[in-house]
Amino acid sequence: MAVRQTAAWCYRGGSISTEPRINDRIRVPEVRLVGPSGEQVGIVPLAKALELAQEYDLDLVEVAASARPPVCKLMDYGKFKYESAMKAREARKNQAHTVIKEMKLRPKIDPHDYDTKKGHVVRFLKQGDKVKITIMFRGREQSRPELGYRLLQRLAEDVQDLGFVESNPKQDGRNMIMVLGPHKKKTEAMAEARQAQEARKADAKANPGRSQNAAELDADEVDAAEVEAEAPAEEPAEA
């Protein structure tokens, strides 16, 4: 019974470690050793490999446990873990998640509201996000779907320099939906935002009289855009 319980606990992942075996944790008679600079030392007894690790003041790290014999390398394991963590952090920082924003309009929207909502769509597309445009019909408006279709066509034409129609207008109950995709990739938008921030910082240094608050506001806007880009998901935005 105790053996079965232990096996079940291990199956659930309780004792499985993703860390490589190092130094005295390595339990094989011999290893294929790789030196600190990547040079091939060859197959040596484990005791000899551990002795070399002590001489170099390094760790013996098992880098290929499935090989026969296992491949081990002499390295500073603490430094290796730190550099790996920094690389993973940088990769996450540069990773871009596609976010679908949503903008809702009425078929008989007035010009001022249209310009305001179009401005939001332009901002979303510049950030490299997709935009779901929803036309909401009410009452007798449902008998005039052409009003919504013309409005969606107009919006697509107004922002065609920044985006394209990824999903053509289609009726969905009382609503008509169209999806706009950005011409610019999310990573490109983030890179341009960083360049703009650096340019503003350089301008602030060249012009000391500029308001410090304005410079900080620019930096906050770029940081907010990067945080938004790293978010895995977001509720649809509505103006």
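Going by the structure above, here's the rest.
Just so you know, these numbers come straight off a predicted model, no measurement behind them.

Draft legend 1. Seen up close, a negative patch on the surface. On the surface, a cluster of negative charge is contributed by D110, D113, D115, E157 and D158. If you list the elements that add at least two residues to the negative patch, you get helix 4 (111–126) and helix 5 (145–158). One can find D110 in the loop between strand 5 (100–105) and helix 4. A relative accessible area of 34% means that D110 is categorised as partly exposed.

Draft legend 2. Fine view of the sheet that holds strand 6 (residues 130–136). Taken in spatial order, the four strands make up an open sheet running 5-6-8-7, and their pairing is mixed. Where the open sheet ends on each side, the last strands, each with one partner, are strand 5 and strand 7 (163–172). Here the average twist between neighbouring strands, direction ignored, is 20 degrees. With six bridges joining them, strand 6 and strand 8 (residues 175–182) adopt antiparallel strand pairing. Looking at strand 8, one finds that I135 is bridged to M176. Docked against the sheet, helix 4 engages strand 5, strand 6, strand 7 and strand 8, running at close to 170 degrees with respect to strand 5. In the packing of helix 5 onto the sheet, contacts are made with strand 5, strand 6, strand 7 and strand 8, and the angle to strand 8 comes to roughly 10 degrees.

Definitions and cut-offs
Residues numbered from 1 in each chain as written. Predicted model: local features only at pLDDT ≥ 70, side-chain atom pairs only at ≥ 80, totals over all residues. Heavy atoms only, no water. Patch = residues over 30% accessible without salt bridge, like charges linked within 9 Å, V, L, I, M, F, W, Y side chains within 5 Å. Areas by Shrake-Rupley, 256 points an atom, 1.4 Å probe, with all protein chains shown as cover. Salt bridge = Lys/Arg side-chain N within 4 Å of Asp/Glu carboxyl O. Lys, Arg positive; Asp, Glu negative; His and termini not counted. Charge placed at Lys NZ, Arg CZ, Asp CG, Glu CD. Helix = DSSP H or I, 4+ residues; strand = E, 2+ residues; numbered from the N terminus. Buried < 20%, exposed > 50% of the residue type's maximum accessible area, 1.4 Å probe, protein only. Pairing = 2+ DSSP bridges. Axes fitted to C-alpha atoms, helices over the stretch in contact; angles between N-to-C directions. Contact = heavy atoms within 4.5 Å.

No statement about biological role is implied by the geometric values presented.
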